[in-house]
Amino acid sequence: MENKKVKKTNLLYLLCYILVPVVLIFLCAWVGVKYCPTDNSTRSLLLTAPTILSVLWWTFAGRALFRAREKAMEHALDAKGFARSHTFRSRSCIVIADGEKGQIALLFFWNPFEYFVLPASRISKIWVDDGCSGAGFLKGSSRVSFLFVVDGIKIRVNTFTSNKRWRMDSNYILTGISKADMMVDVLKSAGAQAG
Amino acid sequence: MDVTLRRLYTLPMTVGHYIPHKDAEYYRRNLSRAACRADIPAGVYACEAIAYRCPGCGRRIVMLSIFLPVRDLDKWQDSYLFSRGELDDFLGLP
């Protein structure tokens, strides 16, 4: 995975993640209607069980797989001598920096089967988006993130998200900005280390 | 109360990893002096030590205010008062 072009989304995984449970629900429903027309208990089981399993899959399985792949990536990085000096975990992406060698490792939620290790010097731009909008008493934000561009691909890593809008001096927003500022400094210093 | 000393320190804790400590010994071992606010790296907790002295009775109190500096704002975290001279020698108070 080293020095490979960064790919944020594995389209096959994305489609499987969304569509396989849907196909399973329809398949089981079809089997229930076709082969068990008189057996109501089996037919209702074939209709409800895949639906419940699908909801569980969409709710928990993706995240569990992502966490498992994160552990695998950390073991692989440790074996390669990658010094994990800073790790930032968001729901969509994990960024790990090696401040000594000036490298970063990336793992994406929608592409959990491959991780990317690249010199931080390949980052062409890094900035913080505090999501601030509105004026006066309406000024606030519901998302804080840091963004960076690698090989022309923009990667956004959220440090705070909410379904509500918060004032810019709220503790949530300040914590999010602080985390984003820290990661920007970490990535910049790793880039300087890489030369 | 008169303010006799005001100093800025950094703590070895970063944002998202704050653990409260009430023990003065922790601060004696882990506070690092920061010359000014601009010297504190992003995402690192800061601590302002303020020593007060009562002009009437001479009693001293040291207050540690722990906060996270975020650009031009501060996210206040904790404040601790030490009134039994626990930090006097560390701060070099007479």
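The structure this text deals with has already been given above.
This text gives an overview of the structure that appears in the document. Keep in mind it's a predicted model, so treat the numbers as computed, not measured. (Residues numbered from 1 in each chain as written. Chains lettered and ligands numbered in written order. Predicted model: local features only at pLDDT ≥ 70, side-chain atom pairs only at ≥ 80, totals over all residues.)

1. Brief notes about the overall build of chain A
Here is the rule: Every helix listed is a DSSP run of H or I at least four residues long, and every strand listed is a run of E at least two residues long, numbered separately from the N terminus. Every radius of gyration here is taken over C-alpha atoms, with the globule rule written as 2.2 Å times N^0.38, N being the number of residues. Exposure in this text rests on C-beta crowding, where 20 or more other C-beta atoms within 10 Å of a residue's own make it buried, 12 or fewer make it exposed, and counts in between make it partly exposed. The C-beta atoms are placed from the backbone. We call two residues in contact if the C-beta atoms placed from their backbones are at most 7 Å apart.
Along the backbone of chain A there are three helices and seven strands. For chain A, the succession of helices and strands along the chain, N to C, is α-α-β-β-β-β-β-β-β-α. In terms of overall size, chain A is more extended than a compact globule, its C-alpha atoms giving a radius of gyration of 22 Å where 195 residues would be expected to give roughly 16 Å. Over its C-alpha atoms, taken along the principal directions, chain A stretches across nearly 70 × 50 × 25 Å. In chain A, which comprises 195 residues, the share counted as buried stands at 26%. Considering only residue pairs separated by 6 or more positions, chain A has 54% of its internal contacts joining residues 24 or more positions apart.

2. Describing the overall build of chain B
Helices and strands together make up the secondary structure of chain B, namely two helices and five strands. Taken from the N to the C terminus, the helices and strands of chain B come in the order β-α-β-β-β-β-α. Compactness check: chain B gives a C-alpha radius of gyration of 13 Å against a globular reference of 12 Å for 94 residues, within 12% of the reference. Referenced to the eigenvectors of the C-alpha coordinate spread, the extents of chain B come out at roughly 40 × 25 × 20 Å. Within chain B, buried positions represent 23% of all 94 residues. At a minimum sequence separation of 6, the contacts of chain B that also span at least 24 residues come to 58%.

3. Points about the sheet that holds strand S3 (residues 103-108) of chain A
Pairing between the strands of a sheet comes from backbone hydrogen bonds, and it takes one of two forms, parallel or antiparallel. All names here are of chain A. Stated formally: A pair of strands is considered paired only if DSSP assigns at least 2 bridges between the two. Between N-to-C directions, angles cover 0 to 180 degrees, with each direction set by a line fitted to C-alpha atoms, over the stretch in contact for helices.
Reading across the sheet, the four strands line up as S1-S2-S3-S4 and stay open at both edges, with antiparallel pairing between neighbours. Each edge of the sheet is formed by a strand with only one pairing partner; in this case those strands are strand S1 (86-89) and strand S4 (111-119). Pairs of neighbouring strands in the sheet enclose a mean axial angle of 10°, with direction left out of account. Pairing of S3 with S4, which is carried by five bridges, proceeds in the antiparallel orientation. Paired with glutamine 103 across the strands is proline 119, a residue of S4.

4. Details of the packing of helix H1 (residues 11-35) of chain A against helix H2 (residues 40-79) of chain A
In a pair of packed helices, the angle between the axes and the distance between the axes together describe the arrangement. Residues and elements named next belong to chain A. Where we set the bar: The labels follow the angle: roughly parallel below 35 degrees, roughly antiparallel above 145, roughly perpendicular from 65 to 115, and oblique for the rest. Gly is put with the polar residues, along with every residue not named as nonpolar or charged; the nonpolar set is Ala, Val, Leu, Ile, Met, Phe, Trp, Tyr, Cys and Pro, and the charged set is Asp, Glu, Lys and Arg.
It is the contact of H1 with H2, at a shortest axis distance of 8 Å, that shows an interaxial angle of 175°. On the basis of the axis angle, H1 is roughly antiparallel to H2. Contacts between H1 and H2 pair Tyr17, Pro21, Leu24, Ile25, Cys28, Ala29, Val31 and Gly32 from the former with Thr42, Arg43, Leu46, Leu47, Pro50, Thr51, Ser54, Trp57, Trp58 and Gly62 from the latter. Considered class by class, the residues forming the contact of H1 with H2 number twelve nonpolar, five polar and one charged.

5. Observations regarding the sheet that holds strand S5 (residues 123-129) of chain A
Residues and elements named next belong to chain A. Here we have three strands laid out as an open sheet, ordered S5-S6-S7, and antiparallel in their pairing. The sheet is open, and its two borders are formed by S5 and strand S7 (153-166), each paired with just one other strand. Each strand of the sheet is rotated relative to its neighbour by a mean of 5°, with strand direction disregarded. For S5 and strand S6 (residues 141-150), the ladder comprises six bridges, and the chain directions are antiparallel. Following the sheet pairing, isoleucine 126 is matched in S6 by phenylalanine 148.

6. Section: the interface of chain A and chain B
Each partner contributes residues to the interface: chain A has ten residues there, and chain B has eleven residues. Taken together, the residues that form the side of chain A that touches chain B break down as three nonpolar, three polar and four charged.

7. Details of unusual backbone geometry
Positive phi, normally seen in glycine, also occurs at aspartate 151 of chain A, with a value near 50°. Along the chain, aspartate 151 of chain A falls in the loop between S6 and S7.

8. Side note on the environment of glycine 134 of chain A
With respect to the helices and strands, glycine 134 of chain A occurs in the loop between S5 and S6. Contact partners of glycine 134 of chain A, with chain neighbours within four places excluded, come to Lys139 and Gly140 of chain A.

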